[in-house]
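Okay, here's what each chain looks like letter by letter:
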Amino acid sequence: MDVILFLIFAVIAVVCAINVVVQTHPISSAISLVGVMGSLAVLYLLLGAEFIAAAQVIVYAGAIMVLFVFVIMLLNAGAESKRGRSLMAQLLGAPLLVALLGLLAYFVQRLYPRSASVHFGGFTHGTPLDIGRALFTTYLLPFEVTSILILIAIVGAIVLARKEMD
Amino acid sequence: MTAVPISWFLTLSAVLFVLGVAGFVFRRSVITVFMSIELMLNAVNLSFVTFSYQLKQVNGHLFAFFVMVVAAAEAAVGLAIILTVFKNRATLNIDDVDSMKN
Amino acid sequence: MQLWLIPVLPLAGFLINGLFGRRFSKGTVNAVAIGSVALSFAWVLKTIFALGSLASPYSEHYFTWIRSGILNIGCDFAVDRLTIVMLLVVTGVGAVIHIYSIGYMAHEGGYYRFFAFLNLFMFFMLVLVLASNYLVMFVGWEGVGLCSYLLIGFYFDKKFATDAGNKAFIVNRIGDFGFSLAMFYMVKNFGSLDFATVFQQAQGAPEATLTIIGLLLMLGACGKSAQLPLYVWLPDAMAGPTPVSALIHAATMVTAGVYMTARSWAIYTHAPAAMNAIAIIGVVTAFFAATIGLAQNDIKKVFAYSTVSQLGYMFLGVGCGAFSAGIYHLVTHAFFKALLFLGAGSVIHALSGEQDLRHMGGLRKKIPWTYLTMLCAAVAIAGVPPFSGFFSKDAILVAAHQHAPWMYWLGTLTAGMTAFYVFRAIFLAFFGEYRGDKHAHESPPVMLIPLAILALLSLAGGFLFKVPQFLAPLFPTLEAPEDPALVAISVAAGLMGIALAWMMYVARPGMADSFAASMKGLYTLVYNKYFVDEIYAAAVVNPVVDGSREVLWKDVDVKLIDGAANGVGARARNLGSLLRLMQSGNIRSYATWVLFGSVVLILAMGIVGGLR
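Residues numbered from 1 in each chain as written. Chains lettered and ligands numbered in written order. Predicted model: local features only at pLDDT ≥ 70, side-chain atom pairs only at ≥ 80, totals over all residues. Heavy atoms only, no water.

Describe the interface of chain A and chain B, naming the residues involved and giving the relevant values.
With 82 residues of chain A at the interface, the matching set in chain B holds 74 residues. Of the roughly 7,100 Å² buried at the junction of chain A and chain B (both faces included), carbon and sulfur atoms supply 77%. When the area that chain A buries against chain B is broken down by residue, the three leading residues are Phe-68, Leu-75 and Tyr-112 of chain A, summing to 10%. Applying the counting rule to chain A against chain B returns zero salt bridges. Contributing elements (two or more residues each) for the side of chain A that touches chain B: α1 (2–22), α2 (26–46), α3 (50–75), α4 (87–111), β1 (117–118), α5 (128–137) and α6 (140–161) of chain A. For the side of chain A that touches chain B, the leading source of residues is α3 of chain A, giving 13 residues. Classifying every residue of the side of chain A that touches chain B gives 59 nonpolar, 15 polar and eight charged. The pairing of β1 of chain A with strand β1 (residues 4–5) of chain B spans two bridges and is antiparallel. Looking at β1 of chain B, one finds that Ser-117 of chain A is bridged to Pro-5 of chain B. (Contact = heavy atoms within 4.5 Å. Buried area = accessible area lost by both parts, 1.4 Å probe. Salt bridge = Lys/Arg side-chain N within 4 Å of Asp/Glu carboxyl O. Helix = DSSP H or I, 4+ residues; strand = E, 2+ residues; numbered from the N terminus. Nonpolar A, V, L, I, M, F, W, Y, C, P; charged D, E, K, R; others polar. Pairing = 2+ DSSP bridges.)

Now the structure itself:
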């Protein structure tokens, strides 16, 4: 059961990811990316990460991607133009990507023997209670720092994007 | 066979990551490049959560949480920058933004 | 005994005058300069009285200078009878000339500088004489060469003076090269440079080794003592002030070569080939320089060639084994040659700078004291008995006949020429009618008293200082029978020279010019010093200078060395502009580079972690 669930949503994720990369119009890429995030949320549930799954849907798919869509609309971005080229990217891009994938897959296969496996319910400490407990004790400093980071981001975004008052 | 091997999760994460890099390297529209970055971050999040399962600790979830927060901040600021660049140069093609040349 | 005081007193004079002399009055400079030399002379006298008969040398060791491997060289001074003779000449004649310089340099600029350099010269010369190993002697050797350069070029705003200083130093260097090679050879063969050690080991050393050392030392002596072929610097050195010519280029520095050769007698007596070479060079130089002196018109140049010639006599003496005779001639020559130069200086001073014999004449009545003292020197150098020059020259010529008769005949001919050219100078300057246009005035007493002292020594030196007997215990005895016939012939040659000069320049004044006109080619050759300077310039100097300029400067320095230095810079720049191409401004190529780097890193981490 878990395997089937995994396979379905893994395939959806990969297909949507390929779509993100392949589509010419940004809005199509954005919708595909939402699809990727949804699939990943299901996979998080499979791994017992309830809070993270919820956060993925609310924050990532619900807020960040909406922001992307707004900006695409604001900029009136159309299909990508074909101008400009990069010699390095054309020559070395594909071989390096293949090499990267191969290396990572190889290392993963070697490092994690087949005995380790995931099944739904195998990890029960991903609840908001556990996250909260860890967040406000062990990770208190990073938490406070990220709140400042968000503040900076807000200020920065407003300053950069506003219209000049005449 | 009701359990999914951990290595499958990690391989999926690698595939998603490589797809993100491919988008970054091969696409010319700056918004698409940004979305590829988000894809890469998601792949890494999956890795973190998988390791958290393997080690039976909640720390991986916390990392994923922070990654999300930072990705949100970065997306906000990054899109603001894109707006500014678009205002100045009227182009969304990153190959046209090459004033650092030589 | 504090032997070190002897050289250090003039050194102190140099330092005081050199550092503070600019602010001193002339009187203070005089007091410091002459006081230091006079004190040094007094200390020499004290040393003589304290040491007594000096049957064996007395030495003092001050500190170890070099200790390396087998070589152990200390700063040592030693005194034996030969040293005593040299010390007396250097400090005594030196003091006299210092006093003379007060009057001569009274109106010249750079007064304190002159006395400072003169004191420095005394220091180095005394170090040379007192040294008891070859290296300390070499320090003095080089030092006197330096002071010679400084003093020849004393009038440094005149190009011919600075050129002469350069020439003296460079030609001396060639000789120093020979000296250095001799020292290296000595260290290699004997393991030491101490006189005592070297001479003791020379007893049993192979003759070839000693001959090589002897010839190399001879090269050094040729440079310092102006023998063939390295004599060319001495006539040009007359560009310096006359007291310098008297002290350095007549009495002391140029005799250093003779002193060194005499000191090394233990080497030379076992290397007859080298001694013979010295004798030959000595007698040939004596003859050669005398011929040039016959035709010169500058009074100082006449005496300069005379010095070269007389030095040749000294070398003839030591080369024939008559070491004490050579040193005896050194002493008497110091007296009468210094007197000749100082007298010439007095004449030049009287005529306000005139040096050409053709513009002098009849000065006998105008500057009588100068005339009388110079006459004393002239008869001494001509070898007229019973004056000092006769005794020393006679001793040498007798020994020369013993060694090889042709040397005796050539030496006698040279003695005749010596008498001729000296009296030619005397007659041209002091007899006849005055051919110039200046007003002659006698020199002040401060210049005349030294002349008188030296005149007395030139006349009576043969009786006052029995140098050969004094030095006899030191050197191996030479069996030279006194043949009255030889003595008579040499005296006759001298007297004939004087008579010929009288005839050509006093009795019949026009005879000299008609003689020269009738032998025009030969006269031109001799007058131009056989064009030796021109030959040297064409054969040696110009090729070296041109080669240096064209090859070493333009090719090696500019192209090779500068090219290498600039080339490194140019290559760096080229590499930089190559690397610059990586900065294309294209974000995607930057991303590809990052990807490349990360792949490499992952690979590296994997290999290091052992996953292969």
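Describe the layout of surface pockets, naming the residues involved and giving the relevant values.
Residue and element names in this part refer to chain C. In this structure, the largest pocket spans a volume of roughly 1,000 Å³. For the lining of the largest pocket, the elements supplying multiple residues, two or more each, are α18 (405–430), α21 (484–507), α22 (511–518) and α23 (520–527). Among the elements that take part in the lining of the largest pocket, α18 stands out by supplying eight residues, more than any other. A per-class count over the lining of the largest pocket returns 25 nonpolar, six polar and five charged. (1 Å grid on protein atoms, 1.4 Å probe; cavity = no way out; pocket = protein on both sides within 12 Å on 5 of 7 lines; lining within 4 Å. Points joined across faces, edges and corners; volume = space filled by probe spheres on them.)

Help me get a handle on the environment of Val-491 of chain C, residues and values and all.
Residues and elements named next belong to chain C. Its place among the elements puts Val-491 in helix α21. A relative accessible area of 15% means that Val-491 is categorised as buried. Sequence-wise, Val-491 and Thr-412 are 79 residues apart; in three dimensions their C-alpha atoms are separated by 8.6 Å. Val-491 has contacts with Gly-383, Pro-385 and Phe-390, leaving out every residue within four places of it along the chain. (Buried < 20%, exposed > 50% of the residue type's maximum accessible area, 1.4 Å probe, protein only.)

An account of the interface of chain C and chain B is requested, with residue identities and associated values reported.
By convention, interface size is frequently given as the accessible area that disappears when the constituent parts associate. Listed per partner, the contact involves eleven residues of chain C and 13 residues of chain B. The contact between chain C and chain B buries some 1,000 Å² in all, and 57% of this surface belongs to carbon and sulfur atoms. By the criterion of area lost to chain B, the three top residues of chain C are Gly-585, Ile-587 and Arg-588 of chain C, representing 48% of everything that side buries. Applying the counting rule to chain C against chain B returns one residue pair in polar contact (both at pLDDT 80 or more). (Polar contact = N/O pair within 3.5 Å; in protein donor to acceptor, adjacent residues only side chain to side chain.)

Go over the side chain of His-349 of chain C with me, naming the residues and quoting the values.
Mapped onto the secondary structure, His-349 of chain C falls in helix α15 (residues 323–350). Apart from the residues lying within four places of it in its own chain, the contact partners of His-349 of chain C are Gly-103, Tyr-104, His-441, Ser-443, Pro-444 and Met-447 of chain C.

Report on the pattern of salt bridges, specifying residues and quantitative values.
Residues and elements named next belong to chain C. Within the structure shown, the criterion is met by six salt bridges over all chains. Across the pair Arg-263 and Asp-80 runs a salt bridge, and its minimum N-O distance is 2.8 Å. Taken together, the residues span a long stretch of sequence, with Arg-263 in helix α11 (residues 256–263) and Asp-80 in the loop between β2 (71–79) and α3 (81–104) at a distance of 183 residues. You can call Asp-80 buried: its relative accessible area is 9%. Salt-bridge contacts for Arg-173 lead to Asp-176; the nearest nitrogen and oxygen are separated by 3.1 Å. Remark: Asp-176 and Arg-173 occur in helix α6 (residues 159–190); sequence separation between them is three residues, near one turn of the helix.

Any chance you could break down the packing of aromatic side chains for me, citing the residues and the numbers?
The tally for this structure, following the rule as stated, stands at 36 aromatic pairs over all chains. Relative to Phe-107 of chain A, the ring of Tyr-106 of chain A has its centre 6.0 Å away and its plane inclined at 55°; by these criteria the two rings are tilted. Owing to a relative accessible area of 33%, Tyr-106 of chain A belongs among the partly exposed residues under this scheme. Under the relative-accessibility criterion, Phe-107 of chain A is labelled buried at 12%. Counting every residue linked through ring pairs, the aromatic cluster contains Phe-51 and Tyr-139 of chain A together with Phe-48, Phe-63, Phe-65 and Phe-66 of chain B. Between Arg-364 of chain C and the ring centre of Phe-431 of chain C, over which it is positioned, the NZ or CZ distance is 4.3 Å. (Phe/Tyr/Trp six-rings, centres within 6.5 Å; stacked < 30°, edge-to-face > 60°. Lys NZ or Arg CZ within 6 Å of the ring centre and 35° of its normal.)

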